[in-house]
Amino acid sequence: MQPRRPAGLLLNNTTKNLATAGMGVLTLLTDFGYRDHYVAALKARLLHLAPTLPVMDITHGVEPYNIAHAVHVLRAVFRDFPPGTTHLITVSDYGASAAGAVATPAWHAAEHEGHYFVAADNGLLPLLCDGVPAQLVRLSAVAPALPPLPGAGSLNPTRDVLAPAAVRLAQGQPLSGLGPAATDPYVLTNRQVRLQDNRVTGHVVHVDHFGNLITNISREAVEVVGRGRPAAVHFGREVVRELRPHFAAAPPGEIVCTFNPQGCLCVAINQGHASELLGLYFDSQVDVRFASE
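What counts and what doesn't
- Residues numbered from 1 in each chain as written.
- Predicted model: local features only at pLDDT ≥ 70, side-chain atom pairs only at ≥ 80, totals over all residues.
- Heavy atoms only, no water.
- Helix = DSSP H or I, 4+ residues; strand = E, 2+ residues; numbered from the N terminus.
- Contact = heavy atoms within 4.5 Å.
- Areas by Shrake-Rupley, 256 points an atom, 1.4 Å probe, with all protein chains shown as cover.
- Phe/Tyr/Trp six-rings, centres within 6.5 Å; stacked < 30°, edge-to-face > 60°.
- Buried < 20%, exposed > 50% of the residue type's maximum accessible area, 1.4 Å probe, protein only.
- Pairing = 2+ DSSP bridges.
- Axes fitted to C-alpha atoms, helices over the stretch in contact; angles between N-to-C directions.
- 1 Å grid on protein atoms, 1.4 Å probe; cavity = no way out; pocket = protein on both sides within 12 Å on 5 of 7 lines; lining within 4 Å.
- Points joined across faces, edges and corners; volume = space filled by probe spheres on them.
- Core = buried A, V, L, I, M, F, W, Y, C linked by side-chain atoms within 4.5 Å.
- Polar contact = N/O pair within 3.5 Å; in protein donor to acceptor, adjacent residues only side chain to side chain.

S.K.: When you look at the overall build of the protein chain in this model, what are you seeing that I'm missing?
M.R.: The helix and strand tally for the protein chain stands at seven helices and 14 strands. Residue pairs at least 24 apart in sequence account for 69% of intrachain contacts in the protein chain once pairs closer than 6 positions are excluded. Counting only carbon and sulfur atoms, one obtains 53% of the accessible surface of the protein chain, whose full area is about 14800 Å².

S.K.: Whenever I open this one, unusual backbone geometry confuses me. Can you help?
M.R.: Only a minority of non-glycine residues have a phi that is not negative, and only a minority of peptide bonds are not trans. Located in the positive-phi region is Ser 92, a residue other than glycine, with phi close to 50°. Its location among the elements puts Ser 92 in the loop between strand 3 (86-90) and strand 4 (107-112). Positive phi, close to 80°, is recorded for Asp 283, a residue that is not glycine. For Asp 283, the position within the fold is in the loop between helix 7 (274-278) and strand 14 (285-290).

S.K.: Just checking my understanding: could you explain the packing of aromatic side chains for this structure?
M.R.: The way to describe two aromatic rings as a pair is by their centre distance and the angle between their planes. Taken as a whole and assessed by the stated rule, the structure comprises two aromatic pairs. Each ring, one from Phe 78 and one from Phe 117, has its centre 5.2 Å from the other, and the planes form 85°; the classification is edge-to-face. A residue pair is termed long-range when its members are at least 10 positions apart, and Phe 78 in the loop between helix 3 (67-77) and strand 3 and Phe 117 in strand 5 (residues 115-120) qualify at 39 residues. Like Phe 78, the residue Phe 117 is buried in the burial classification.

S.K.: Would you mind going over the sheet that holds strand 2 (residues 55-59) with me for this structure?
M.R.: Strand order in the open sheet formed by six strands is 2-1-3-5-4-6, and the pairing between neighbours is mixed. One side of each edge strand has no neighbouring strand; the edge strands of this open sheet are strand 2 and strand 6 (135-139). Put simply, the sheet's adjacent strands are angled 20° from each other on average, direction ignored. By the bridge criterion, four bridges tie strand 1 (residues 26-30) to strand 2 in an arrangement that is parallel. Directly across from Leu 29, in strand 2, lies its bridge partner Thr 59. Across the sheet, helix 2 (residues 38-49) lies against strand 1, strand 2 and strand 3, angled at about 155° from strand 1, the strand it touches most.

S.K.: I'm lost on the layout of surface pockets in this one. Help?
M.R.: Over the atoms, a rolled probe matching the size of one water molecule traces out where space is still vacant. Taken as a whole, the second largest pocket spans an internal volume of roughly 840 Å³. Lining the second largest pocket are 31 residues, with Arg 75, Asp 130, Asn 190, Val 205 and Asn 216 sitting closest to its centre. Going through the elements one at a time, helix 3, helix 4 (124-129), strand 8 (199-207) and strand 9 (213-218) are the ones with two or more residues in the lining of the second largest pocket.

S.K.: Even after reading the chapter, I still don't get the nonpolar core, so can you show me in this structure?
M.R.: Across soluble globular proteins, you tend to see nonpolar side chains buried next to one another. Ranked by internal contacts, the top residues of the largest apolar core, which has 26 residues, are Leu 26, Leu 88, Ala 109, Val 118 and Leu 139. Elements with a contribution of two residues or more to this core: strand 1, helix 2, strand 4, strand 5, strand 6 and helix 5 (157-170). Among the elements that line this core, the one with the most residues is helix 5, at eight residues. Those residues in contact with Leu 139 that sit more than four places away from it in its chain are Trp 107, His 108, Ala 109, Val 118, Val 161, Leu 162, Ala 165 and Leu 178. Judged by nonpolar contacts, the second largest core, of 25 residues, contains Ile 67, Ile 89, Ala 110 and Ala 182.

S.K.: Explanation requested: the environment of Ser 275 in the structure shown.
M.R.: Following the sequence through the fold, Ser 275 ends up in helix 7. Sequence-wise, Ser 275 and Asp 208 are 67 residues apart; in three dimensions their C-alpha atoms are separated by 9.2 Å. Not counting chain neighbours up to four residues away, the residues in contact with Ser 275 comprise Val 207, Gly 211, Leu 213, Leu 280 and Tyr 281. Side-chain polar atoms of Ser 275 contact the backbone oxygen of Leu 280, separated by 2.6 Å.

Structure, rendered in structure tokens:
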């Protein structure tokens, strides 16, 4: 089955009115899942910190520790929220280290395209921003002047660092008031699209709930290199010689190559699971080729 409407979270009028009135909006994106108490514990903490703050879930279904998955979901939807929205991201919330083990956890807050983001120093923010964010501060593990959590034990990064910082931003505190400027976050690099005279080479960056293969090849890249020429999409042993306008533009069971609402080239099977049926997964190569002029 394929989606019949643009991906993304549609804000209701109440949330838009709150943002217009100057009240902050806080979103949550985590890998906590839906089976345990972790999401409820986070929301209980937010109720302690800011009982009237509007809180909206993006998803709690990010694959555990999967930074690339979190970045994909966040990049696809954060612009749908009003400018000034604060996004709390909890994936690998102790951070990351080139050495593997994290000796000194670190956390950051950043501003990007008019939105605020709070996350561990695990490479997520540089991936989201395609480099070190222009405005980035380091958060302290100590959160003074905040209500203590009854029965709290050892440090819990989301409860003790990320949530309080996100609440402060959502309530209007300036980014600079959360900590000192940071210039050396842990950096992960995106797979880069390769442009040639007659070819665009990219990779699968996400397999969604429907089994659609979402690539890092943009509509713009295809149009720039293609210059109006017919395109052929190559992946595995398959070649698809037509770009369709939407996911249902081919008969059920047939391969569809189309651009999603974010402008990313997707390989799908109408009413089928393309990843399983085509044997393609995260990081599989996809080429768009054009005849020589």
